[in-house]
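# Observations on the three-dimensional arrangement
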Amino acid sequence: MKENILKFRTYLQDAMTRCGQQIEALNNDFKKDEADMVKIRKNVYDIFLKVFNVAVKTAENKENESAKIKMFFEEKLHTIPENWRHSLEMAKAHEDARKVLEEEVKLKAVAEIEKIYDEIWKQRL
């Protein structure tokens, strides 16, 4: 289980590092709008790294530790994006193209996080 915790943390940290590098490159090319979208993606990775760390800390040294981590994190993985989905629908209704793009960036990042989480967590704990 410790190996999977480390793998998932490393994935999130590496994703944040890549985003930081992309942000810097885009800013150097005076592509502020694109850099802003990458910042949003980076923030999503950061949010879920913090949530995962709380899940691990909360379940640490308790019976069924891996199940408790899984339950806590998966709940947040589904509840946090609900506000973003609602915001996306509202932005579409108001034809707010920038807000639509921002919410889509968040939801795509969550989908990627969930995919990688599932791949790592389905490995033997």
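One can find the structure itself at the top, above this paragraph.
Residues numbered from 1 in each chain as written. Predicted model: local features only at pLDDT ≥ 70, side-chain atom pairs only at ≥ 80, totals over all residues. Heavy atoms only, no water.

## Examining the pattern of salt bridges
Selection rule: Salt bridges are identified by distance alone: a Lys or Arg side-chain nitrogen within 4 Å of an Asp or Glu carboxyl oxygen. We count a stretch as a helix when DSSP gives it H or I for four or more residues in a row; a strand needs E for two or more, and each element gets its number in order from the N terminus. Under the scheme applied here, a residue whose accessible area is under 20% of the maximum for its type counts as buried, over 50% as exposed, and between as partly exposed, the area being computed with a 1.4 Å probe on protein chains only.
Here the structure, examined in full by the defined rule, presents 14 salt bridges. In this structure, Asp36 and Lys32 form a salt bridge, with 2.9 Å as the shortest nitrogen-oxygen distance. Within this pair, Asp36 and its partner Lys32 are both found in helix H2 (residues 32-59), separated by 4 residues, close to a single helical turn. Of the residues examined, Lys32 reaches a relative accessible area of 53% and is grouped as exposed. Through salt bridges with shared partners, one network takes in Lys32, Asp33, Asp36, Lys39, Arg98 and Glu102.

## Observations concerning the packing of helix H1 (residues 2-28) against H2
We apply this condition: Fitted lines through C-alpha atoms give the axes, limited to the stretch in contact for helices. The angle between two N-to-C directions lies from 0 to 180 degrees. Angular relationships are summarised with four words: roughly parallel below 35 degrees, roughly antiparallel beyond 145, roughly perpendicular across 65 to 115, and oblique for the angles in between. In this scheme, a crossing is called left-handed if the near helix is turned counterclockwise away from the far one by less than a right angle; it is called right-handed if the turn is clockwise. Amino acids outside the nonpolar list (Ala, Val, Leu, Ile, Met, Phe, Trp, Tyr, Cys, Pro) and the charged list (Asp, Glu, Lys, Arg) are all regarded as polar, and Gly is one of them.
H2 packs onto H1 with a crossing angle of 160° between their chain directions and a minimal axis gap of 9 Å. With respect to H2, the element H1 is oriented roughly antiparallel. As H1 packs across H2, the resulting crossing turns out to be left-handed. Of the residues in the contact of H1 with H2, the class split is 16 nonpolar, 5 polar and 7 charged.

## Here's the deal with the side chain of Asp36
Filter applied, for reference: Two N or O atoms count as a polar contact when they lie within 3.5 Å, although within protein this holds only if one can serve as hydrogen donor and the other as acceptor, and sequence-adjacent residues are included solely when both atoms are side-chain atoms.
Looking at Asp36, the relative accessible area reads 12%, which means it is buried. Side-chain polar atoms of Asp36 contact the side chain of Arg98, separated by 3.2 Å.

## Section: the packing of H1 against helix H4 (residues 97-121)
For the record, the criterion: Note on definitions: a residue-residue contact is assigned when non-hydrogen atoms from the two residues lie within 4.5 Å.
Orientation of H1 relative to H4, taken along the N-to-C sense of each, is 155°, at an axis distance of 10 Å. When the interaxial angle is binned, H1 and H4 end up roughly antiparallel. H4 is crossed by H1, and the crossing has right-handed handedness. Each of Asn4, Ile5, Lys7, Phe8, Tyr11 and Leu12 in H1 lies in contact with H4, whose residues at this interface are Glu112, Ile113, Ile116, Tyr117, Ile120 and Trp121.

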